[in-house]
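Structural characterization, general
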Amino acid sequence: MPEFGPPSGNKEVRDYAAILAHSFAGKPDDMLQWLAQLSEREVRVWREGRHVTAGVVAYRIGQYFGGRPVPMAGVAGVVVTPHARATGAGSKAMTALLRELHAEGVALSTLYPATQPIYRRLGYELAGVRTGYRVPVGACELKRQPGTLRPAPEEEQLFDSLARERAKQANGHLERNGFFWRRLWGKGDDTAFRYIIEVEGKPAGFLIYRTKRTEFPLQDLLVADWWAANDKAARRLLAFFGEHRSVGANVQIFGAPMEPLLFCLPEQKWKVDTRWEWMTRIVHLPAALQARGYPVMAELEIELDITDDVLADNQGRWRLALEKGKGRVTRGGSGRVKLDIRGLAALYSSALGPSDLARLGYLKAGVADQAALAQAFAGPAPWLPDFF
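Below: a short report on this structure. Keep in mind it's a predicted model, so treat the numbers as computed, not measured. (Residues numbered from 1 in each chain as written. Predicted model: local features only at pLDDT ≥ 70, side-chain atom pairs only at ≥ 80, totals over all residues. Heavy atoms only, no water.)

Looking only at helices and strands, one finds 11 helices and 18 strands in the protein chain. Its C-alpha atoms give the protein chain a radius of gyration of 22 Å, within 12% of the compact-globule value 21 Å for 388 residues. Considered along the principal axes of its C-alpha atoms, the protein chain spans approximately 60 × 55 × 35 Å. In the protein chain, 72% of the contacts between residues at least 6 apart in sequence involve partners at least 24 apart. Summed over its atoms, the accessible surface of the protein chain is roughly 17900 Å², and 52% of this surface lies on carbon and sulfur atoms. Looking at the protein chain, you have 51 positive and 43 negative side-chain charges, and the mean spots of the two groups are 1 Å apart. (Helix = DSSP H or I, 4+ residues; strand = E, 2+ residues; numbered from the N terminus. Rg over C-alpha atoms; globule rule 2.2 N^0.38 Å. Contact = heavy atoms within 4.5 Å. Areas by Shrake-Rupley, 256 points an atom, 1.4 Å probe, with all protein chains shown as cover. Lys, Arg positive; Asp, Glu negative; His and termini not counted. Charge placed at Lys NZ, Arg CZ, Asp CG, Glu CD.)

Turning next to the environment of Arg 328. Counting through the fold element by element, Arg 328 comes out in strand β16 (residues 326–331). Each C-alpha atom, one on Arg 328 and one on Gln 290, is 5.7 Å from the other, the two residues being 38 residues apart in sequence.

Below, the discussion takes up helix α7 (residues 231–242). In this model, α7 (12 residues) spans 16 Å end to end at C-alpha, consistent with the 16 Å of a helix rising 1.5 Å per residue. Counting buried positions along α7 yields nine of 12 residues, so the element is predominantly enclosed. Of the residues making up α7, those classed as buried are Ala 233, Ala 234, Arg 236, Leu 237, Leu 238, Ala 239, Phe 240, Phe 241 and Gly 242. For α7, the elements touching its buried residues are β7 (148–151), β9 (193–199), β10 (202–213), β11 (219–228) and β12 (248–255). (Expected span 1.5 Å × (residues − 1). Buried < 20%, exposed > 50% of the residue type's maximum accessible area, 1.4 Å probe, protein only.)

Before going further, it helps to examine the packing of helix α1 (residues 9–24) against helix α2 (residues 28–36). Where α1 contacts α2, the axes come no closer than 8 Å and their chain directions differ by 125°. By the angle class used here, α1 and α2 are oblique. Two packed elements cross with a definite hand, and for α1 against α2 that hand is right-handed. Within the contact between the two elements, α1 uses Val 13, Arg 14, Tyr 16, Ala 17, Leu 20, Ala 21 and Phe 24 and α2 uses Pro 28, Met 31, Leu 32, Trp 34 and Leu 35. (Axes fitted to C-alpha atoms, helices over the stretch in contact; angles between N-to-C directions. Parallel < 35°, antiparallel > 145°, perpendicular 65-115°, else oblique. Left-handed = near helix turned anticlockwise from the far one by under 90°.)

Moving on: the pattern of salt bridges. Scanning the model with the defined rule gives 28 salt bridges in all. With its nearest N and O atoms 2.7 Å apart, the salt bridge here joins Arg 275 to Glu 277. Judged by its relative accessible area of 28%, Glu 277 is partly exposed. Lys 338 is paired through a salt bridge with Asp 305; the nearest N and O atoms lie 3.3 Å apart. Highlighted residues: Lys 338 in strand β17 (residues 337–340) and Asp 305 in strand β14 (residues 300–307), separated in sequence by 33 residues. (Salt bridge = Lys/Arg side-chain N within 4 Å of Asp/Glu carboxyl O.)

Burial along strand β5 (residues 108–111) is two-sided: Leu 108 and Thr 110 and Ser 109 and Leu 111, pointing in opposite directions, are all buried. Here four bridges tie strand β4 (residues 68–80) to β5, and the two strands are oriented parallel to one another. Directly across from Met 72, in β5, lies its bridge partner Leu 108. Read as a crossover between parallel neighbours, the route from β4 over helix α3 (residues 89–104) to β5 is right-handed. Note that β5 and strand β13 (residues 271–282) share four bridges and pair antiparallel. The residue bridging Leu 108 from the neighbouring strand is Ile 282, located in β13. (Pairing = 2+ DSSP bridges. Right-handed = clockwise from strand over helix to strand, strands pointing away.)

Now the structure itself:
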């Protein structure tokens, strides 16, 4: 039996679930329930002899950059059984996963790291954030705004359509599959409230949230996801929060590093409550550069020399030619722009610009080439409302 691959039978699934529970202070049954929702190609284990010593989940989804969804493997559940943590099993499992993804042609991999050094060694770099804000309900007391919020428990396609509209205007958002939407909806006692925001009779956003009792009779509004397509929808959403003033304490909501919604508030009463950085890895270089969108006005050619000490096929000289918002990648060129694969990840997501990468030692390029890179990868700051 190979060292790395899908679980072989229920016993190996249970073994992986037990390691997950041990590592994350959870319950094996909860971990089994999670794994049961995933397809076979998304779950991998690492074996030492006949025993499972590590495991990893790789969601096959998309992630938007430059207005286009890019095939991405979202990595989660990376665990090593405690007695094997000094053996390198985690690094071996992740390296095997990256090689498998590259062979499939998967463009990117993104994850939330429990620790950064191991993932940096594997070619990942910080590429975006998940920022949570805490807004007092009292700060949202705006005058009655035009528009309505109507309950919409069954209109999943409309939610997905609106989320895609938002994702095209951002960097880093997921192209969610059914698993991610079901997790947002919840079930039983954890079922979320769902609303469509309408302005002038047309959908202009959505709201998915739960409530959590704090100190009687107060509660917090925990926003799982939201979108306001224009200023009227944004103000109607905030007014809705303010209408909870009799029992509401705070609104907990995720947004961009400089969140436009908060510009609608009269005062800076909000605070950053949580901040998680995520890391991205360019897995298949030509697939990644060709799947991303680019500024329509950027018509140029960049000659890259890429260093990648894990996935050798990404190394060497590449030409990236941009025309009408699309990229074309071919082998060759002068290699004037010397760029580490880690730095390319931060550039690709628009997290860092060329001058930042040069200061960090990830990039060596002349002034003209740095300007070309800045033009090609210009875009909004990358962020994610999802955690995985």
